[in-house]
Amino acid sequence: MFTSEKGVVEEWLSEFKTLPETSLPTYATNLKDKSSLVSSLYKVIQEPQSELLEPVCHQLFEFYRSGEEQLLRFTLQFLPELIWCYLSVSASRNVHSSGCIEALLLGVYNLEIVDKQGHSKVLSFTIPSLSKPSVYHEPSSIGSMALTESALSQHGLSKVMYSGPHPQREMLTAQNRFEVLTFLLLCYNAALTYMPSVSLQSLCQISSRICVCGYPRQHVRKYRGISSRMPVSSGFMVQMLTGIYFACYNGEWDLAQKALDDIIYRAQLELYPEPLLVANAIKASLPHGAMKSSKEGTRCIQVEITPTASRISRNAVTSMSIRGHRWKRHEQPDNNNDTTELGILVIPEISVTNVAGERTGNGEKGRTLGEIDAQHIQGVQDTATDPRTESKGLPEIRRQKSVRKMMEDGISSPGRVQF
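Per chain, residues are indexed from 1 in the order of the written sequence. Local features in a predicted model are, by the rule used here, given only for residues with pLDDT of at least 70; side-chain atom pairs are given and counted only at 80 or more, and totals for whole chains, interfaces and linings are based on all residues. Computation of side-chain values covers all heavy atoms of the structure but excludes hydrogens and water.

A. Region of the structure containing the overall build of the chain. The helix count covers DSSP runs of H or I at least four residues long, the strand count covers runs of E at least two residues long, and both are numbered beginning at the N terminus. If you tally the helices and strands in the chain, you get 20 helices and 2 strands. For the chain, the proportion of its 419 residues judged to be buried stands at 35%. Relative accessibility thresholds used throughout: buried, under 20% of the residue-type maximum; exposed, over 50%; partly exposed, between the two (1.4 Å probe, protein chains only).

Encoded structure:
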């Protein structure tokens, strides 16, 4: 640790002691912009033998118990690094050098499990129902859901899970260690949106180290230092995955991807079903292409939300449109009654290029069936009977004149005659 960094930390320790109570909110707001102080504090925490470690832990605890929201979040950003230092020291059997870190973790835990009146907290979690839409899913995309009697009786009911009350701890042991650390990570994840990028990087790095230390993958990752295996619990790994999933979409794609693979590696070795389920679900939901790890701001998960406007077209075929079309067809006036009475069957002409409009003729509206046959049949002298005319009681149409005879008599055909 350099002298300049040590001087920054010492100035920070002395400044808070002389700070009046009225200027505490202003001091807390300006504290998050001091990047040099944050990097110096990380170096102090990473050196268990540092003489500044104990006063730094004491002041971080004072920040947390002050009640100021900005100071509380300032302490929380160092929580992943504090957990890693405690676990690494505990694995090396050097418990005496981690006393101040253990006291800080216990102090934060005991403050979080009680409310302002000193009563134990009971945290509640509402499990969403798949039958109701949310920003993550649509019930119609899941498939048909059978409306059975049991399903109807449970419709609209929300399942609520409770956590707590948690007992107070005076010291960390092998039995309660991961119970306390899991709850601390839960508190850290509740404030993920306020955590800076350096804290998210620390979370991804310590997650990878905890999962691969003492295993063959440690040599692949080229992690130096401690080589002892660290025991982890299933709930602790799930809480790590929650923060890693957030880091994937907030500028730490590379580190989060590596940490996710290492957690899956360790969960497969330990045969933990909960971390495997959550990690594989996260991996399946990530985009195929790698996202840029440059700090371009907060990213979001793209989901499809049902629009408020109706998607039904105005020209859609409905039962009402079919009825209207049928009534319109029946209400059309019959203008060809005089023609049918004379025994001439008129064939309507339909324009192909104007299907949606009115049925207009192409200049040959008065063409009768007898005249059309006379244009295309030459030398036909026999009599043909149209069965359609017989069914309607119309007189039969006799085809007796050829086209040549009609031309000699001077009768002009309304159609086109091609030779």
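B. Structural context of a nonpolar patch on the surface. A cluster of nonpolar side chains, namely V122, V160 and Y162, defines an oily patch on the protein surface of about 300 Å² accessible area. Inspection of the secondary structure assignment puts V122 in the loop between α7 (99–112) and β1 (123–127). Within this analysis, patches are made of residues with over 30% relative accessible area and no salt bridge. Like charges are joined at 9 Å or less; nonpolar side chains (Val, Leu, Ile, Met, Phe, Trp, Tyr) at 5 Å or less. Residue burial considers only the protein chains on display, and all accessible areas are found by Shrake-Rupley using a 1.4 Å probe. What counts as a salt bridge is simple: a side-chain nitrogen of Lys or Arg found within 4 Å of a carboxyl oxygen of Asp or Glu.

C. Highlighting the nonpolar core. Nonpolar cores are built from buried Ala, Val, Leu, Ile, Met, Phe, Trp, Tyr and Cys residues. Side-chain atoms within 4.5 Å join them into one set. By size, the foremost hydrophobic cluster in this structure holds 87 residues, and its most contacted members are W12, F74, F78, I101, L181 and F236. By the convention used here, residues are in contact when the closest approach between their heavy atoms is within 4.5 Å. For F236, the residues in contact, after removing those within four places along its chain, are I83, F178, L181, T182, L185 and I210.

D. Representation of empty space enclosed by the protein in the model. Cavities and pockets were defined on a 1 Å grid built over protein atoms only: a cavity is a set of grid points that admits a 1.4 Å probe from which the probe cannot escape, a pocket is an open set flanked by protein on both sides within 12 Å along at least five of seven lines, and lining residues are those with an atom within 4 Å of any such point. Grid points are joined across faces, edges and corners, and a volume is the space filled by probe spheres set on the points. If you walk through the whole model with that rule in mind, you get 2 cavities of 30 Å³ or more. Quantified by volume, the second largest cavity comes out at close to 40 Å³. T75, L76, L79, L82, L104, L105 and V108 together form the lining of the second largest cavity. Element by element, the count of residues in the lining of the second largest cavity is highest for α7, at 3 residues. Gly counts as polar in this scheme, as do all residues outside two lists: the nonpolar Ala, Val, Leu, Ile, Met, Phe, Trp, Tyr, Cys and Pro, and the charged Asp, Glu, Lys and Arg. Of the residues in the lining of the second largest cavity, the class split is 6 nonpolar, 1 polar and no charged.

E. Structural context of the confidence of the model for the chain. How sure the predictor is of each residue is captured by pLDDT, a score from 0 to 100. Averaged over all residues, the pLDDT of the chain is 74; the fraction at 70 or higher stands at 61%. In this model, residues 376–400 is a region of pLDDT below 50 whose contacts with residues beyond four sequence positions or in other chains number 26 contacts. Within the model, the stretch residues 415–419 combines pLDDT values under 50 with 4 contacts to residues more than four positions away or in other chains.

F. Quick peek at the packing of helix α6 (residues 79–91) against helix α10 (residues 177–190). Lines fitted to C-alpha atoms define the axes, with helix axes restricted to the stretch in contact, and inter-axis angles between N-to-C directions lie between 0 and 180 degrees. Running from N to C, α6 and α10 point in directions that differ by 165°, and their axes come no closer than 10 Å. When the axes of α6 and α10 are compared, the pair comes out roughly antiparallel. Crossing handedness for the pair α6 and α10: left-handed. Across the interface between the two elements, L79, P80, I83, Y86, L87 and S90 of α6 pack against R177, F178, L181, L184, L185 and Y188 of α10. A breakdown of the residues in the contact of α6 with α10 according to their chemical character gives 10 nonpolar, 1 polar and 1 charged. If an angle is under 35 degrees, it is roughly parallel; if it is over 145, roughly antiparallel; if it lies from 65 to 115, roughly perpendicular; otherwise it is oblique. Helix crossings are classified by the rotation of the near helix relative to the far one: an anticlockwise turn of less than a right angle makes the crossing left-handed, while a clockwise turn makes it right-handed.

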